[in-house]
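Analysis of the macromolecular model
Letter by letter, the chains look like this.
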Amino acid sequence: MLNTRENLRNDIVAGIIGYLTTVYIVVVNGSILSEAGITLEAGMIATILASFVGTLLMGIISKLPLILIPGMGINALFAYSIIQGNGFSFEEGLAVVLVAAVIFLVTAFTKLGLILKEAIPNSLKHAITVGLGFFLILIGLEKSGLVVSGESTIIAIGDFTSPTIIVSIITLFLAIFLFVKNVPANFLITMIVGTFIAYLFGIMESGTKAIQLDASELLFIPSFSAIGELSFWLAVFPLAMILIFENMGLLNGQLHMLDRNKSYKSGYRVTAFSTLTCAFLGTSPTVSAAENAAVIASKGKNGLAAIIAGVLFLATVFIIPWITMIPSTAISPILIIVGFLMAQNIRHIPLDNISEAIPAFLIVVMIPFTYSIADGMAFGFIAYPIVKLALGKQKELPATLVIISTLFLFDFVIKIAGV
């Protein structure tokens, strides 16, 4: 009986800690979604609902103490590449999410996931993560005002006499200090303290405002008006690939920490279904949060921890008037640090192997430099078979990869031709 009570208490505490370490996503993801064509409030509510539904399903169906939230990097892909890059409407972007989620779901119930996993080289998988990391860092630097468009250069450093820059720098170093000290809920603390600093410097509005949303702003219906365009399918591909590979890696690592490897199939399927709901809830897809390590470290063992966190996410709706006050200077440090964490994957790229390193390098640099995740990926995927063929290593080219590379090349040809 005592052991049961202790487990119950541990799961409740783990659920609360998990929520506190991931609730920052409501503001950060809402901010990114607001640049994709919806209001900040609508983006926050969509984020809350997606996190609530996915996390609750993980707790009830898979009985795992894992939290699902919109993925960092994936939200940037959705907002900046899929919607802004292709000129899609928000609803057309949600249609891309829906199709990618269906592919993800198919891989969860068939052997397609294994086929794709074996077809895409590890060097390219890691390069995508690194490229996404640098892209997030660039976005964070832009939001903070630390880098701006230069008069004679593409990028220049911001005006260090500006109160916004001063606040951004102070908040960034605060975030770094809390992060390296491994302070619990460090991102949440960064946003709270960063908001207070911004208020002291007079660069944000004081007071709260009521949520002004009508039902139509929360009703999301994916639009398939662009489904006949090649750009639609070339947007689906990178999103589906990232969802599949990122969740495979995250779930494998987290279940190993839990010693629950037999629960992988159930967890993977719930994660895939959660991404499907995002297309109707109005947000970029959810993933198994990296912060689940904090849940596991807090001795969360069962689904109750996820259920607790999910319910707390839903309750966040009531504090939206307060969290909309959080300025970009309090959000940008989180983007920079998360980007740094993703960029660390560069150590997994075999830089001493030219046939793997060159295509991977192209992905890493072209994602931030083209401000397009899909185009950045295209450079690497097109270069991969070219380099392999040049070195006489055609046997290392899976047929599936060649087909994918050809599609990317075809898209470039169409863009050049202006079709």
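You'll find the structure just up there.
Residues numbered from 1 in each chain as written. Predicted model: local features only at pLDDT ≥ 70, side-chain atom pairs only at ≥ 80, totals over all residues. Heavy atoms only, no water.

**Quick word on the packing of helix α5 (residues 90–109) against helix α10 (residues 230–258)**
Cut-off, in case you're wondering: Between the N-to-C directions of two axes lies an angle of 0 to 180 degrees, each axis being a line fitted to C-alpha atoms and, for a helix, fitted only over the stretch in contact. Here a helix means four or more residues in a row that DSSP labels H or I, a strand means two or more in a row labelled E, and each is numbered from the N terminus. Roughly parallel means an angle under 35 degrees; roughly antiparallel, over 145; roughly perpendicular, 65 to 115; everything else is oblique. With the far helix as reference, a near helix turned anticlockwise by less than a right angle produces a left-handed crossing, and one turned clockwise produces a right-handed crossing. Should any heavy atoms of two residues lie within 4.5 Å, those residues are counted as being in contact. Only Asp, Glu, Lys and Arg are considered charged in this grouping, and only Ala, Val, Leu, Ile, Met, Phe, Trp, Tyr, Cys and Pro are considered nonpolar; every other residue, Gly among them, is considered polar.
Packing of α5 against α10 brings their axes to within 8 Å, and their N-to-C directions diverge by 45°. With respect to each other, α5 and α10 are oriented oblique. As α5 packs across α10, the resulting crossing turns out to be right-handed. Residue-level contacts link Glu92, Ala95, Val96, Val97, Val99, Ala100, Ile103, Phe104 and Thr107 of α5 to Phe232, Trp233, Ala235, Val236, Leu239, Ala240, Leu243, Ile244 and Asn247 of α10. Residues belonging to the contact of α5 with α10 are distributed by class as follows: 15 nonpolar, 2 polar and 1 charged.

**Some points on the side chain of Gln254**
To keep things clear, this is the line we draw: A simple rule labels every residue: compare its accessible area, found with a 1.4 Å probe on the protein chains alone, to the largest value its type can have, and call it buried under 20%, exposed over 50%, or partly exposed in between. Residues adjacent in sequence count toward polar contacts only when both atoms are side-chain atoms; beyond that, a polar contact is any pair of N or O atoms within 3.5 Å, and within protein one must be able to donate a hydrogen and the other to accept it.
By secondary structure assignment, the location of Gln254 is in helix α10. Look at Gln254 and you get buried, because its relative accessible area is 5%. There is a polar contact of 2.5 Å between the side chain of Gln254 and the side chain of Ser288. Engagement of the side chain of Gln254 in a polar contact is seen with the backbone oxygen of Ala289, the distance being 2.8 Å.

**Examining helix α17 (residues 373–390)**
Using the following cut-off: The span expected for a helix works out to 1.5 Å for each residue beyond the first.
A rise of 1.5 Å per residue sets the reference length of α17, with its 18 residues, at 26 Å; its end C-alpha atoms lie 26 Å apart and thus fit the reference within 8%. Within α17, 13 of the 18 residues are buried, leaving the element largely enclosed by the surrounding structure. Two residues or fewer past α17, Gly392 is found with a positive phi of approximately 70°.

**Section: the pattern of salt bridges**
To be explicit about the condition: The salt bridge definition used is simple: a Lys or Arg side-chain nitrogen within 4 Å of an Asp or Glu carboxyl oxygen.
In total, this model carries 3 salt bridges according to the counting rule given. Notably, a salt bridge pairs Lys143 with Glu35, separated by 2.7 Å at the nearest N-O pair. You can see Lys143 sitting in helix α7 (residues 122–144) and its partner Glu35 sitting in the loop between α2 (24–34) and α3 (40–62), a full 108 residues away along the chain. Glu35 gets classed as partly exposed once you look at its relative accessible area, which sits at 33%. Glu356 is the salt-bridge partner of Lys388, the closest N and O atoms lying 2.9 Å from each other. Of this pair, Lys388 sits in helix α17 while Glu356 sits in helix α16 (residues 354–370), and the two are 32 residues apart along the sequence. When its relative accessible area of 0% is taken as the criterion, Lys388 is described as buried. By sharing partners, the salt bridges in this structure join Glu356, Lys388 and Glu396 into a single network.

**Let's talk about the nonpolar core**
What tends to happen in soluble globular proteins is that the nonpolar side chains get buried as a cluster. Heads up, the condition is: What we call a nonpolar core is a set of buried Ala, Val, Leu, Ile, Met, Phe, Trp, Tyr and Cys residues that are connected through their side-chain atoms within 4.5 Å.
Counting 115 residues, the largest nonpolar core has Phe90, Leu239, Met377, Phe381 and Phe408 as its most contacted members. When near neighbours in sequence (up to four residues on either side) are disregarded, Phe90 contacts Leu33, Ala36, Ile38, Phe78, Ile83, Phe220 and Gly282.

**Brief notes about a nonpolar patch on the surface**
Under the convention used in this document: Exposure above 30% relative accessible area and the absence of a salt bridge qualify a residue for a patch, where like charges join within 9 Å and nonpolar side chains (Val, Leu, Ile, Met, Phe, Trp, Tyr) within 5 Å. All accessible-area figures derive from a Shrake-Rupley calculation using a 1.4 Å probe, and residue coverage is judged against the displayed protein chains alone.
Residues Ile166, Ile170, Phe196, Tyr199, Leu200 and Phe201 make up a contiguous nonpolar surface patch of about 580 Å² in total accessible area. When contributions to the nonpolar patch are tallied by element, the ones reaching two or more residues are α8 (163–180) and α9 (186–200). In terms of residue count, α9 provides more of the nonpolar patch than any other element does, 3 residues in total. On the secondary structure map, Phe196 appears in helix α9.

**Topic: α8**
Selection criterion: Think of it as the arc spanned by the lines of direction from the helix axis to the C-beta atoms.
For α8, with 18 residues, the first-to-last C-alpha span of 26 Å sits near the 26 Å given by 1.5 Å per residue. Among all positions in α8, only Ile165, Val167, Ser168, Thr171, Leu172, Ala175 and Leu178 are buried. Down the axis of α8, the smallest arc covering the buried residues is 155°, so these residues share one side. In α8, the exposed residues that point more than 90 degrees away from the buried face are Phe173 and Val180. In the core, the buried residues of α8 are packed alongside α7, α9 and α15 (328–343). Asn182 sits one or two positions beyond α8 and adopts a positive phi of about 55°.

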